[in-house]
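Below, each chain spelled out in residue letters.
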Amino acid sequence: MNKSFLIGLIGSGIGSSLSPTLHEDEAAHHGLHYVYRLLDTDVLGQDVGALVRTARRMGYDGLNITHPHKQAVIPYLDELSPDAATLGAVNTVVFTGEHAVGHNTDWTGFAESFARGLPDVPTRRVVQLGAGGAGAAIAHALLTLGADRLTVVDADPGPAVRLAGELAHRFGSARVRYANQQELPGLLGEADGLVNTSPVGMAHHPGLPVPAELLRSRLWVADIVYRPLDTELLGQARAHGCRTLDGGGMAVFQAVHAFRLFTGREPDSERMLAHFKEICRASGALG
């Protein structure tokens, strides 16, 4: 008899998440009994630590962690994978009994999506918006993929300064720096690419993370937001002639890697990509 799996997603404002159906559909193809529950900190009125403790007691096999808890969850775990320890951010937790190990599949998910979606773009100078848990993972991916110079910008300078310092320690000070938002016009005038890892553009954080007039046709633009899949930033970028990458690929590939960690089974990434597109159309996530 195939093992049953109980998985949860901890996050804020996650009622429209596509993760449950994405995971459960792939599990069905493997003949697994797999239940994926949403544990919304806003709805339940509990913090991430309380929900991790509850999941331990209730026999969960694993958790996904999303905005804004990817860094806050770490003190409640017993161990971190090398990637999660390096990044200081966790998006996947695997329970072995009550022993909780944190992993990060965000950076590998973004790297795979970027390599497929923007395989030949220049990466001499890249500007990244956002320095939270997802931002740490994406910055690591960009530098691992070979970005020559990454500039991290965040509305809150503290996390951005810290992240830039950590990245400089790992990749060299010549390859990464922090900049404030007032520098964006000059930075984007010289940049090859722009990546939004901030929550601006999400369904409950609508808007543009940068003024539209700073976009230009020689700039490629990537957004990790996938609800909606076609964010205002991507729409404006296309209107300016930019090549774009939406957050769907990262959402799928981080789920692929998490599913493998949860189950020990090898997921079919092409099938999961196709299913993601189907459920986006059905749910209206495309806009």
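Residues numbered from 1 in each chain as written. Predicted model: local features only at pLDDT ≥ 70, side-chain atom pairs only at ≥ 80, totals over all residues. Heavy atoms only, no water.

Q: Account for helix α5 (residues 106-117), naming residues and giving values.
A: Structural remark: α-helix, 3.6 residues per turn; residues separated by three or four positions point the same way. Compared with an ideal rise of 1.5 Å per residue, which puts 12 residues at 16 Å, α5 spans 16 Å between its outermost C-alpha atoms and is within 8% of the ideal. Looking at α5, one finds that the buried residues are D106, W107, G109, F110, A111, S113 and F114. Here the buried face of α5 lies against α4 (82-87), α6 (133-144), β10 (193-196), β11 (220-223), β12 (244-245) and α10 (248-263). (Helix = DSSP H or I, 4+ residues; strand = E, 2+ residues; numbered from the N terminus. Expected span 1.5 Å × (residues − 1). Buried < 20%, exposed > 50% of the residue type's maximum accessible area, 1.4 Å probe, protein only. Contact = heavy atoms within 4.5 Å.)

Q: Tell me what's going on with the pairing of strand β2 (residues 33-40), and back it up with residues and numbers.
A: In the sheet, strand β1 (residues 4-11) pairs with β2 via eight bridges, with the strands oriented parallel. Bridge assignment links G11 to a residue of β2, and that residue is D40. Since β1 and β2 lie parallel, the crossover through helix α1 (residues 19-29) that links them has a hand, and here it is right-handed. (Pairing = 2+ DSSP bridges. Right-handed = clockwise from strand over helix to strand, strands pointing away.)

Q: Kindly report on the packing of α1 against helix α11 (residues 269-283), identifying the contributing residues and their values.
A: Relative orientation of the contacting elements α1 and α11 amounts to 135 degrees, with a least axis distance of 10 Å. Comparing the axis directions of α1 and α11 gives the class oblique. The interaxial crossing formed by α1 with α11 has right-handed handedness. Contacts between α1 and α11 involve T21, L22, D25, E26 and H29 from the former and R271, M272, H275, F276 and I279 from the latter. (Axes fitted to C-alpha atoms, helices over the stretch in contact; angles between N-to-C directions. Parallel < 35°, antiparallel > 145°, perpendicular 65-115°, else oblique. Left-handed = near helix turned anticlockwise from the far one by under 90°.)

Q: Account for the side chain of T231, naming residues and giving values.
A: Within the fold, T231 resides in the loop between β11 and α9 (232-239). Classification of T231 by relative accessible area gives buried; the value is 2%. A polar contact of 2.9 Å, which involves the side chain of T231, links it to the side chain of D223. The contact partners of T231, leaving out residues within four places of it in the chain, are G201, D223 and V225. (Polar contact = N/O pair within 3.5 Å; in protein donor to acceptor, adjacent residues only side chain to side chain.)

Q: Describe the pattern of salt bridges, with residues and values.
A: Note that side chains of opposite charge can pair when their charged atoms are close. Under the defined criterion, the tally for this structure stands at 10 salt bridges. As a salt-bridge pair, E26 and R271 come within 2.7 Å of each other at their nearest N and O atoms. Of the two residues, E26 sits in helix α1 while R271 sits in helix α11, which places them 245 residues apart along the sequence. (Salt bridge = Lys/Arg side-chain N within 4 Å of Asp/Glu carboxyl O.)

Q: Give a detailed account of the sheet that holds strand β7 (residues 125-129), specifying residues and quantitative values.
A: Remark on secondary structure: sheet strands pair via backbone hydrogen bonds, oriented parallel or antiparallel. Read from one edge to the other, the open sheet built from six strands follows the order β9-β8-β7-β10-β11-β12, with strand pairing classed as parallel. Either end of the sheet is taken by a strand with one partner, and the two such strands are β9 (176-179) and β12. Sheet analysis places β7 next to β10, joined by four bridges and oriented parallel. For V126, the partnering residue across the bridge sits in β10 and is G193.

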